[in-house]
Amino acid sequence: QGDGPVFEGEVGGGAAQAAGGELQDPGAAVAAALLAEDAGNWRVEKLAAPVADSWVSEHGLAFAARAFAELGRITWGLPGLRDAEDPASRAPGRSTVASTKLVKAGARLRALLAAAGDTEYEEAVDALAEHRRTATQRAAVSFLVPSRTDWVDECLAAPPDAGYEWDFWQLLYCSLSTSEHVDLAAASIAAHRHLLWWWDRPLMVTLVDGAGAGAAPLLATALDVGRGQKAVRENVPGILALLPGDTAFQALIDHAGEKHVRPALLAAMRRFPVRALRLLAPAAAASPALSGGLAEHVRINRELVAEVLPGLPDETRTVIGALVTDHDPLPDAPADVLPRPLADPPWSRTGKRAEPSGSGGPADPLEDLPARIPVVDEWADVRALPQIRLRGREDALPAGAVRNLLTMLAMSKHGGVYAGVEIAKEVCDAGSLAEFSWALFSLWDRNGAPAKGGWALAQLGWLGDDTTGSRLTPRINAWPGEDGHHKAVAGLDVLAAIGTDMALTHLHGVAQRARFKGLKARAQGKIQEVADRLGLTAEQLGDRLVPDFGLDAGGGLVLDYGRRRFLVGFDEGLRPYVSDEDGTRRKALPKPGAKDDPDLAPAAYKRFTALKKDVRTVASLQLHRLESAMVTRRRWTPGEFRRLFVEHPLIWHLARRLVWVAEDGGKTTAFRVAEDRTFADAADDVLTLPESAAIGILHPAEPGADTGAWAEVLADYEIVQPFRQLDRAVHALTDAEREGRRLDRFQGAYISGAAVLALERHGWRRTSPMDAGLQHALYRELPTGLFVNIRLDVGIPIGDVEGAVLEEIWLAGEVADDYRPEPHGALPFGDLDPVSASEVLAELTEAASRG
């Protein structure tokens, strides 16, 4: 009464019994319910089993079972406990006590009932027959005695409102045993997926324990509608992989594109190899990923495929038959040609490790082993990996030697690679080893990239080559958006470890253009480390990280087909093209024909295909680099200019399409690089560069830039520029703006989310977020060390790109702080040089026009 709990109906009678010391099963349930309400839902979980034990020890198992069933008749929540049959108990926010953690008492009682003797068990079942009045009571009783399938049938025939009684289904899922039960439960989930919110692994295991392989349709439905639920996402695929039958396997195939499902599918393929052949074949045609997985499965199970292939359906046999290679594998190399760590590794022998020699010499580095030799996980199946050819031989590492190599890789780490790895690189063909390395990484990735196997990513840096870097870089750029920032950072270490010009070019590209701020900063730090090691600035390192791709001194390449040859050239965007020997340009390089040399032509065609792919990445970076150099007014010495631009066989194609400036002794002279690599001024007179000059790319906003005259010169020579230089829009500050400390022309302008992103591509940055997650300012650092700051009205939510109003724009020697986004230390805009002013005005004009 008063402010205390409200007890009504039979619940009130049970409360009176409990208060008067006459404890019967309703009173025991009420006492437990009060305990749950007083202790809190999470703390009472620890008390659930002791409550059940006390009921059993003091009153017997049948009593305890009845008391638990009574919990399904009590609803809880303010203003108090009510009978579940009372209409008022159906108010929103109220549910039965069975929905609390006190339900764990039922798990204890279910175990005790399962272990009870026949007489005691039957006594409990008979007693429970009188406690099945409400839907949740009936589910609670079926949970305790799932052997009464007729009672489960009744529960499923008359379920409660799924919007309230989720506890009913939680108990009932653990009571299913027939296919009819599973189908009805699956239908309930399909209609009410919120019922999955409370699924956990014990529930799923109990479900499978009762329904066996027949649980597959329900689990498949859960995977379809509940992929957003963490417990479903993390547990259901693995459970399906254990179940025999096509339904479970097909569910994994249907969700093979999801990263939590891929490892489970691979596990199911290993467990049910014939079923995998039969079910993957129809799906592989529409999915490159599944096609690759099927090919790998065929390679692993050669003998099994040969045995079962004749009995498979025609269409399946056709798909699988196309994957069975006619090429016999390379023979195993004899043991006597293998180095010691591959043939007889130290960890395979017993005895003490080698100690330093008596003369004070170092111990054998091959004996420098970790305290515990790692065990290579099952996913790294040697049969799924390509063979590793020995250098200069026509045989390959035997499977045992490959397993030893895997162990060496697993025991290595960044900065501490086991000595045997270098020995393996000396005796193995580099290209074959790189292909093996990428296949190993791909296996790890397809198996869910387990953290324990992180060495499979790191080893790309020890065994990989330029092709590895080209393959990995798109993954590095994408991983942060897939909750894989740590993998992306590890990928940067791989590029640095490969260390070739091409790999470092990819690393530099991430540092310049990554979409994710954290990744970009880490890449910039890694580039700085490399530059510091070489005694260069990051910009100087970027200048030198331009592969020449084996081009000749003229910047071209000859593709020899034997009886005919083709010449490779590059356009203004560094896109390669081919011409006949007479200079006639072709739309594409022809495929080798029957009359072409059978060795030279395919090799030349393959080389051009690879060239197009590799140059595409480099071209994008170089165009961005040179345009940025123009905007920031970078300068080089004449020696650097000749080496990095004029003499470089690839960058030469860009250098000759630009107009340059030489600054010396206060005098500025514009010039271009002629076809013969001499220098010419606007009058086409030969120009000699003094060694004291500073060379840069002309910006049309520079004082005295005669862009009109230069445009005529380039037009006469039919030269197309790689980016907008001579026809670049030039903007200037008004006299009032030069004297002022605010840029009023854009004040109040609205810029869209797309415009914000465009500004960020030009080097603008958002300041750090405040507590509310809003970024209240934009800023752009200029080459002179000054900052243009913009205070935003309201701000931009972090993690989202929304439009904003430009409230105030000022120039300062520091970045605006989000906690103090108002102008501080504002300088006159006349402190800007003409080029910086033009670029800032152009970028803001474009942004405002998008609004």
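This text goes with the structure placed above it.
Residues numbered from 1 in each chain as written. Predicted model: local features only at pLDDT ≥ 70, side-chain atom pairs only at ≥ 80, totals over all residues. Heavy atoms only, no water.

**Q** I would appreciate a short explanation of helix H31 (residues 600-632) in the present structure.
**A** Three or four residues apart is the spacing at which side chains of an α-helix point the same way, because the helix has 3.6 residues per turn. With 33 residues, H31 should cover 48 Å at 1.5 Å per step; its first-to-last C-alpha distance of 46 Å lies within 8% of that length. Of all bends in H31, the biggest is about 25°, found at Val615. (Helix = DSSP H or I, 4+ residues; strand = E, 2+ residues; numbered from the N terminus. Expected span 1.5 Å × (residues − 1). Bend = angle between axes of the 7 residues up to and from the residue.)

**Q** Help me out: how do you make sense of the sheet that holds strand S15 (residues 787-797) in this one?
**A** By way of backbone hydrogen bonds, the strands of a sheet pair with one another, either parallel or antiparallel. With antiparallel pairing, the five strands of this open sheet are ordered in space as S12-S16-S15-S14-S13. The outermost strands of the open sheet, each flanked by one partner alone, are strand S12 (750-751) and strand S13 (765-766). (Pairing = 2+ DSSP bridges.)

**Q** How should the nonpolar core be read in this particular structure?
**A** Nonpolar side chains tend to gather and get buried jointly when the protein is soluble and globular. In this structure, Trp55, Tyr173, Trp199, Leu218, Leu219 and Leu240 are the most contacted members of the largest nonpolar core, which totals 101 residues. Among the elements that take part in this core, helix H4 (residues 61-71) stands out by supplying nine residues, more than any other. Setting aside its immediate chain neighbours within four residues, Tyr173 contacts Ala185, Ser188, Ile189, Leu195, Trp199, Leu203, Leu207 and Leu218. (Core = buried A, V, L, I, M, F, W, Y, C linked by side-chain atoms within 4.5 Å. Buried < 20%, exposed > 50% of the residue type's maximum accessible area, 1.4 Å probe, protein only. Contact = heavy atoms within 4.5 Å.)

**Q** Help me understand the environment of Ala758, please; the structure alone is not making it clear to me.
**A** For Ala758, the location among the structural elements is in helix H36 (residues 753-761). Along the chain, Ala758 and Glu846 lie 88 residues apart, while their C-alpha atoms are 9.0 Å from each other.

**Q** What is the right way to look at unusual backbone geometry in this model?
**A** With the exception of glycine, most residues fall at negative phi, and the peptide bonds are largely trans. Phi is positive for Leu574, close to 60°, though the residue is something other than glycine. The residue Leu574 is located in the loop between strand S5 (565-570) and strand S6 (576-580) in this model. The phi angle at Asp684 is positive, at roughly 70°, despite the residue not being glycine. Mapped onto the elements, Asp684 comes out in the loop between strand S10 (679-680) and strand S11 (694-697).

**Q** Any chance you could explain the pairing of strand S16 (residues 804-812) here in plain terms?
**A** Each regular strand displays side chains that alternate between the two surfaces of the sheet. Counted residue by residue, S16 has seven buried out of nine residues, so it is predominantly covered. One ladder, built from two bridges, connects S12 with S16; its direction is antiparallel. In the sheet register, Ile751 faces S16, and the bridge partner there is Ala804. With seven bridges connecting them, S15 and S16 associate as antiparallel partners. Following the sheet pairing, Val788 is matched in S16 by Leu811.

**Q** Please clarify how the packing of helix H10 (residues 179-191) against helix H12 (residues 216-225) should be interpreted in this entry.
**A** Each pair of packed helices can be summarised by the angle the axes make with each other and by the distance between the axes. Close contact between H10 and H12 brings their axes to 8 Å; oriented N to C, the two are set at 10°. Put simply, H10 runs roughly parallel to H12. Every residue of H12 that contacts H10 at Val182, Asp183, Ala185, Ala186, Ile189 and Ala190 is listed here: Pro217, Leu218, Thr221, Ala222 and Val225. A breakdown of the residues in the contact of H10 with H12 according to their chemical character gives nine nonpolar, one polar and one charged. (Axes fitted to C-alpha atoms, helices over the stretch in contact; angles between N-to-C directions. Parallel < 35°, antiparallel > 145°, perpendicular 65-115°, else oblique. Nonpolar A, V, L, I, M, F, W, Y, C, P; charged D, E, K, R; others polar.)

**Q** Mind showing me how you'd approach the side chain of Thr316 here?
**A** As for its position among the elements, Thr316 is in helix H19 (residues 314-323). Sequence-distant contacts of Thr316, that is, excluding residues within four places in its chain, are made with Leu277, Arg278 and Ala281.

**Q** Please explain the pattern of salt bridges as it appears in this structure.
**A** It is possible for side chains bearing opposite charge to pair when their charged atoms get close. Counted under the stated rule, the structure contains 45 salt bridges. Put simply, Glu581 and Arg565 hold a salt bridge, and the shortest N to O gap is 3.3 Å. Of this pair, Glu581 sits in the loop between S6 and strand S7 (585-586) while Arg565 is found in strand S5, placing the two residues 16 residues apart along the sequence. Residues Glu843 and Arg780 are paired through a salt bridge, measuring 2.9 Å at the closest nitrogen-oxygen approach. With Glu843 in helix H37 (residues 834-850) and Arg780 in strand S14 (residues 774-781), this residue pair connects regions lying 63 residues apart in the sequence. (Salt bridge = Lys/Arg side-chain N within 4 Å of Asp/Glu carboxyl O.)

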